[in-house]
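# Overview (structure and organization)
Each chain, letter by letter, is given below.
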Amino acid sequence: MFGHSDTAAVSGLVHAARMLADATLRNQTLQRCRQVMGAKVAGAWNVHSAALIAEESLEYLVMFSSTAALLGSPGQANYAAANASLDATAHLRSGMGSAAASMQWGAWAGAGMATQHDTLTRTAAAGLGEVSVNVGMEALGGVCCGQALGSQIAVVPIRWPQLLLWVAPPFLAHFRLHGPFADAKVPKVVTEEAAGTCVQGVLAASVPEWTSNESDASPMIAEVAL
Ligand SMILES: NC(=O)c1ccc[n+]([C@@H]2O[C@H](COP(=O)([O-])OP(=O)(O)OC[C@H]3O[C@@H](n4cnc5c(N)ncnc54)[C@H](OP(=O)(O)O)[C@@H]3O)[C@@H](O)[C@H]2O)c1
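Figured I'd write up the structure that's included with this text. In this text, all values refer to a predicted model and were calculated from it rather than measured experimentally.

### Observations regarding the overall build of the chain
Of the regular secondary structure elements, the chain holds nine helices and four strands. Scanning the chain from its N terminus toward the C terminus, one meets helices and strands in the order β-α-β-α-α-β-α-α-β-α-α-α-α. The buried share of the chain, taken over its 226 residues, is 29%. Relative to all contacts within the chain whose residues are 6 or more apart in sequence, the contacts with residues 24 or more apart total 59%.

### Comments concerning the site of the ligand
In the vicinity of the ligand there are 15 residues, among which A17, R18, F64, G112 and A114 approach most closely. Elements that contribute at least two residues to the shell around the ligand include exactly α1 (30–54) and β2 (60–66). Top contributing element to the shell around the ligand by residue count: α1, with three residues.

### Regarding the sheet that holds strand β1 (residues 12–15)
Across the sheet, four strands lie side by side as β1-β2-β3-β4; this open sheet has parallel pairing. One side of each edge strand has no neighbouring strand; the edge strands of this open sheet are β1 and β4 (152–155). Between one strand axis and the next, the sheet turns by 20 degrees as a mean value, whatever way the strands run. Here helix α3 (residues 77–95) sits on the sheet in contact with β2, β3 (101–105) and β4, set at roughly 155 degrees to β2. Its contacts with the sheet place helix α5 (residues 133–144) against β1, β2, β3 and β4, and it is angled at close to 140 degrees to β2.

### Describing α1
Here α1 is 25 residues long and its end C-alpha atoms lie 34 Å apart, about the 36 Å a rise of 1.5 Å per residue gives. The largest bend along α1 measures about 50 degrees and falls at M37. Residues C33, V36, K40, V41, G43, A44, H48 and A51 constitute the buried set of α1. Where α1 is buried, its residues contact β1, β2 and α3.

### So, the pairing of β2
Across the seven residues that make up β2, a large majority, five, are buried. Strand direction decides the pairing type here: β1 and β2, joined by four bridges, are parallel. Paired with H15 across the bridge in β2 is M63. Handedness of the crossover joining β1 and β2 through α1: right-handed. Alignment of β2 against β3, held across five bridges, turns out to be parallel. What sits directly across from F64, in β3, is M103.

### Let's talk about the environment of A90
Here A90 shows up in helix α3. With 26 C-beta atoms packed within 10 Å, A90 lands in the buried category. Put simply, A90 and V62 are 28 residues apart on the chain and 8.3 Å apart in space, counted from C-alpha to C-alpha.

Quick notes on the rules
- Each chain carries its own residue numbering, running from 1 in the written order of its sequence.
- Reporting in this predicted model follows two pLDDT cut-offs: at least 70 for local features of residues, and 80 or more for side-chain atom pairs to be given and counted; totals over whole chains, interfaces and linings ignore these cut-offs and use all residues.
- The secondary structure listing takes helices from DSSP runs of H or I that are at least 4 residues long and strands from runs of E that are at least 2 residues long, numbered from the N terminus.
- Remark: C-beta atoms are placed from the backbone, and a residue is labelled buried if 20 or more other C-beta atoms sit within 10 Å of its own, exposed if 12 or fewer do, or partly exposed between those counts.
- Any residue pair is listed as a contact if its two C-beta atoms, each placed from the backbone, are within 7 Å.
- Throughout this description, a residue near a molecule or strand is one whose C-beta atom, derived from the backbone, lies within 6 Å of it.
- A pair of strands is treated as paired once DSSP finds two or more bridges between them.
- Working convention: axes come from line fits to C-alpha atoms, limited for helices to the stretch in contact. Angles between N-to-C directions cover 0 to 180 degrees.
- In this analysis, the expected span of each helix is defined as 1.5 Å times one less than the number of residues it contains.
- Axes are fitted to the seven residues ending at a residue and to the seven starting at it; the angle between these axes is taken as the bend at that residue.
- By convention, a crossover is right-handed whenever its connection, traced from the first strand over the helix to the second and viewed with the strands pointing away, goes clockwise.

As structure tokens, this is what we get:
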């Protein structure tokens, strides 16, 4: 399509495909990972490759990522990782000086996958609000018009005290200790060292081919309940 002079110039691309194959870490399989990665990792790379041909006319390239990549999501390790690859692709393209944005959406209200499986109830319990269609479209419009700063944009209403009760990734640790919610009772900060050990355990537990010299990290995996 891009190579034909009688076709209109492509000014924007949006990648919004997804596949879910949720499971707790112990039940994750390579097959489930491949299902989810196909739509996101391979799909986004195909879009990026196509965009290289249309780079001159391209004003925006938006990939629909998820807060699962930002904060994690129980039972969705493969989905979180797949979305993180969209974020990485956006950073890669941005570093090349090309149009790119990865939007890490919270759960949309009234449309799409979040309306199924009690997703909105579960995310609300975790302190994450719904993205209304109006707010989502406004954010998307802003990004397409080049109004966003940066190539990775999270769009989600957050009730911070509630969120910090259940998740405190390293990049929020400083905020938790010194920010306005420093007094919130947070059970645990997952340190980078602990997260690294955890990842070793995740691979050992979910990928049959994986071998590691690390000691058994299973208790850690269960503890953080990824
Ligand atoms: N809805 C939300 O609350 C929410 C929150 C965070 C992030 N997101 C992201 O926003 C995007 C849209 O979400 P949605 O709720 O609108 O999803 P959706 O209704 O399930 O639509 C997903 C689409 O992806 C297509 N697809 C799946 N695998 C594909 C593949 N391998 N190649 C090409 N297309 C494929 C599906 O096509 P078929 O119908 O033909 O299967 C479907 O049209 C997704 O990337 C999702 O991860 C959504």
